[in-house]
Every structure is written in C-alpha cells, then in structure tokens.
Amino acid sequence: MRPGIHPVSRPVVFRDRAADVALLTRSTAGSDRTVEWEDGVTYPVIDVEISSASHPFHTGTSRVLDTEGRVERFQRRYGRTAPAHS
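Residues numbered from 1 in each chain as written. Predicted model: local features only at pLDDT ≥ 70, side-chain atom pairs only at ≥ 80, totals over all residues. Heavy atoms only, no water.

**Q** Even after reading the chapter, I still don't get the environment of Val 13, so can you show me in this structure?
**A** Within the secondary structure, Val 13 sits in strand 1 (residues 10-16). Val 13 sits in the buried class, given a relative accessible area of 2%. Note: C-alpha distance between Val 13 and Thr 25 (12 residues apart in sequence) is 6.4 Å. Once residues within four sequence positions are removed from consideration, Val 13 is found in contact with Ala 22, Leu 23, Leu 24, Val 35, Trp 37, Tyr 43, Pro 44, Val 45 and Ile 46. (Helix = DSSP H or I, 4+ residues; strand = E, 2+ residues; numbered from the N terminus. Buried < 20%, exposed > 50% of the residue type's maximum accessible area, 1.4 Å probe, protein only. Contact = heavy atoms within 4.5 Å.)

Here it is, written out as structure tokens:
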C-alpha cells in the first residue's frame with residue numbers, strides 16, 4: 001500500500017435516534033460532535049436516520065407508503081392486460 005493516500009480509521013459511535021440505539025465501530029467518517037461511551041472514553045458521534053434497529057425489513061414491521069397500490073396505478077396507466085400474440 002502506498003503511504004499517505006488512505007483515510008484514517010478510528011472508533012466512531014453511530015447513533016440511531018429513532019430506535020435509541022448506539023453502536024461503537026471503526027470508521028473513516030468524522031464528526032465535530034462527541035459522546036461519552038460506556039467505557040468512559042469520548043468518541044465522535046454520527047446520528048443516523050435509520051439503522052438495522054429501526055428499519056422495517058430488520059424489525060419485521062411494515063408501513064404503508066402509498067394508499068393507491070403501485071400495481072393498480074400501473075394497470076390504470078397502461079391497461080389491464082397486454083395484447084395476445086398469435
């Protein structure tokens with residue numbers, strides 16, 4: 001590896017505000033904000049909108065995003081069936 005071209009990897013806390021979950025891991029991302037971790041050391045913290053703790057795929061919950069279904073909208077726009085080929 002060439003020296004001086006790789007970003008510095010350091011411990012960073014990623015915090016999911018929606019699920020009230022925090023994870024300490026290594027990352028090249030930085031932040032001006034800090035938080036004191038369980039071990040008493042202060043680390044940079046990055047707040048995220050969604051993580052595996054709050055994502056519907058991982059939690060098993062689903063949300064209705066659109067009241068008119070996508071299939072119905074497609075069928076209304078382009079017709080119910082395609083013409084038969086003989």
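**Q** What am I meant to see in the pattern of salt bridges here?
**A** A side chain of one charge can pair with a side chain of the opposite charge if their charged atoms are brought near each other. Summed over the entire model, instances satisfying the criterion amount to 3 salt bridges. With a shortest N-O distance of 3.7 Å, Asp 47 and Arg 17 are connected by a salt bridge. Here Asp 47, found in strand 4 (residues 42-48), pairs with Arg 17, found in the loop between strand 1 and strand 2 (21-27); they are 30 residues apart in sequence, far enough to count as distant. Residue Asp 47 is classed as partly exposed on the basis of its relative accessible area of 28%. Among the residues examined, Arg 17 registers a relative accessible area of 54% and is labelled exposed. Put simply, Arg 33 and Asp 47 hold a salt bridge, and the shortest N to O gap is 3.0 Å. Note that Arg 33 is positioned in the loop between strand 2 and strand 3 (34-36) and Asp 47 in strand 4, a separation of 14 residues in sequence. (Salt bridge = Lys/Arg side-chain N within 4 Å of Asp/Glu carboxyl O.)

**Q** I tried to follow the sheet that holds strand 2 on my own but got confused; where do I start?
**A** In any sheet, the strands associate via hydrogen bonds between backbone groups, in a parallel or an antiparallel arrangement. The strand order 2-1-4-3 describes an open sheet built from 4 strands, whose pairing is mixed. Strands with a single pairing partner mark the edges of an open sheet, and in this sheet they are strand 2 and strand 3. In this sheet, adjacent strand axes meet at a mean angle of 45° when their direction is disregarded. Of the pairings in the sheet, the one linking strand 1 to strand 2 comprises 7 bridges and is antiparallel in character. Residue pairing in the sheet places Phe 14 in a bridge with Leu 23 of strand 2. (Pairing = 2+ DSSP bridges. Axes fitted to C-alpha atoms, helices over the stretch in contact; angles between N-to-C directions.)

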